[in-house]
Amino acid sequence: MLKSISPGGANSITSINFNPSAFVEEKVRQIREYVGGSKAAIATSGGVDSTTCAVLAHKALGGRLICFFMDTGFMREGEVEEVSEVLRSLGLPLRVLYVRDRFMEALRGKRDAEEKRITFRETFYRVLSEEAKREGCDVLIQGTIAPDWIETSGGIKTQHNVLEQLGLNTVERYGFRLLEPLLELYKDQVREVARYLGVRLEASERQPFPGPGLMVRCIGEVKEEKLKVLRAATSVVERALGGLRPPPNQYFAAVVEDERSDASQAVERAVWEALPGGKVQYFNCRATGVKGDNRAYGKIAVVSGGKADIEELFKIPERIIHEDGDVVRAVYELGGEGSGMGGGSVNRYAVLVRAVETRDFMTAKPYHVPMELLERLCRDLLEIKGVSSVCYDITSKPPATVEYE
Ligand code: XMP
């Protein structure tokens, strides 16, 4: 059975002995056997995992596969058009579903990260279920990979594409049987399969982009104006950091209302010791992190002022968390209205820039971006209407996660 694979079990694969050709041959056979004479649907986002999975499924099923791509409203600038073009060029039978309003409506008033993720998942599969029924598909194939279900089952976060591992019966709930051919793979192995299948470089070498997209980077409640600021900031950050060599494994922007509270004296003292002249506050929101093997949902500290080497800044989150266990991450304020670099009083969003180095995304380190580049990036981000402050995330995973929600 494809679906009952445990980490380290008989089916686990290590990169050293991974053979993409044998993997593809075996999975094509299994997909044909599972789908039988039915039709199957696959939901693709244009990311490495789902695109690779779609090409694999298409190789197995040909005209009995239909590929859905959903415009959830959480894609980046121009992404819906770009992804559609890439998927079509791979010969995939594509249908684009324009369903932004359904997601906005479902998420209205929701601030909690897990509640947002569960709402996203439900909306996503309701839409898919309706469309799959319309097309006469009774199997859904999807590109879930090992870290997705390991972290979801471990309670770290509800990844939108993890269903059966949480005990959800997809036949009863959505009317389709589920097949997940990449379930035992890690990211670097998926890339090997992608290259073997000739998936265009835009997809196979692309930095990962989460299924719920910009929703998890719009910290707290999703609002049209906030999302617009985030989309603009994402373009600026991707352009500025995309040229770094070696490239960070992931780099992006997140956005949050720039509303803050004071930190305790103990935390202020800890920051002062590490960063003479430095200050610290908290944003009035929560973000995800990892504590031991569990998910944490805690405060974001904003450190500012002082003068220190960037490597020294990376040591500050640990000191803060030592004094306040409710903190999961810290960011360093590069500039903003307070520093005289920002615009007028209508600006009310803080942009948090995150860039990480990681091998498997289970752990990660903040990327050492040269300070001059960060300062230039800060000036560019402050040009965006609505931005009051720009910060660089200085936290490893753990204690933070890569994404904010
Ligand atoms: P975290 O935030 O858990 O991220 O440290 C680790 C990696 O997973 C990606 N990620 C997701 N990918 N659906 C996805 O397809 C999701 O819900 C999701 N959440 C996080 C994240 O971008 C990073 O590469």
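Because the structure is a prediction, the values reported are computed rather than measured. (Residues numbered from 1 in each chain as written. Predicted model: local features only at pLDDT ≥ 70, side-chain atom pairs only at ≥ 80, totals over all residues. Heavy atoms only, no water.)

Turning to helix α10 (residues 224-241), a few remarks are in order. Since the α-helix turns once every 3.6 residues, residues separated by three or four places project in the same direction. Here α10 contains 18 residues, and its C-alpha end-to-end distance of 26 Å stays within 8% of the 26 Å for a straight helix at 1.5 Å per residue. Buried within α10 are the following residues: Lys 226, Leu 227, Val 229, Leu 230, Arg 231, Ala 233, Thr 234, Ser 235, Val 236, Val 237 and Leu 241. Lining the buried residues of α10 we find β6 (250-257), β12 (349-357), α14 (371-382) and β14 (387-393). (Helix = DSSP H or I, 4+ residues; strand = E, 2+ residues; numbered from the N terminus. Expected span 1.5 Å × (residues − 1). Buried < 20%, exposed > 50% of the residue type's maximum accessible area, 1.4 Å probe, protein only. Contact = heavy atoms within 4.5 Å.)

Moving on: the pairing of strand β9 (residues 287-291). A large share of β9 lies buried, amounting to four of its five residues. Both β9 and strand β10 (residues 294-305) contribute to a ladder of five bridges, which runs antiparallel. If you follow Lys 291 over to β10, its bridge partner there is Asn 294. From the end of β9 to the start of β10, which pair antiparallel, there are two residues, and Gly 292 there has a positive phi angle of about 60°. (Pairing = 2+ DSSP bridges.)

A separate point is the domain arrangement of the chain. Partitioning the chain into domains gives domain 1 (20-204) and domain 2 (218-393). Summarising the inter-unit geometry, the C-alpha centres of domain 1 and domain 2 are found 31 Å apart. Taken over both partners, the interface formed by domain 1 and domain 2 buries close to 1900 Å², and the fraction arising from carbon and sulfur atoms is 54%. Viewed at the interface, domain 2 and domain 1 are joined by three salt bridges. Put simply, Arg 359 and Asp 188 hold a salt bridge, and the shortest N to O gap is 3.7 Å. On inspection of domain 1 and its partner domain 2, the count reaches seven residue pairs in polar contact (both at pLDDT 80 or more). Mapped onto the side of domain 1 that touches domain 2, the elements with two or more residues apiece are α5 (113-135), α6 (146-153) and α8 (187-197). Here the side of domain 1 that touches domain 2 is built from residues that sort into seven nonpolar, four polar and twelve charged. (Domains from an automatic or database assignment. Buried area = accessible area lost by both parts, 1.4 Å probe. Salt bridge = Lys/Arg side-chain N within 4 Å of Asp/Glu carboxyl O. Polar contact = N/O pair within 3.5 Å; in protein donor to acceptor, adjacent residues only side chain to side chain. Nonpolar A, V, L, I, M, F, W, Y, C, P; charged D, E, K, R; others polar.)

Moving on, we get to the nonpolar core. Core analysis: the largest hydrophobic core is formed by 77 residues, its most contacted members being Leu 241, Ile 320, Leu 381 and Tyr 392. Of all the elements, α10 adds the most residues to this core, at seven residues. A domain-level breakdown of this core finds at least three residues from each of domain 1 (20-204) and domain 2 (218-393). In contact with Ile 320, not counting residues within four places along its chain, are Val 267, Val 271, Val 280, Ala 301, Val 303, Val 327 and Ala 330. Counting residues in each nonpolar core, the second largest holds 40 residues, with Val 35, Ala 60, Leu 87 and Val 199 among its members. (Core = buried A, V, L, I, M, F, W, Y, C linked by side-chain atoms within 4.5 Å.)

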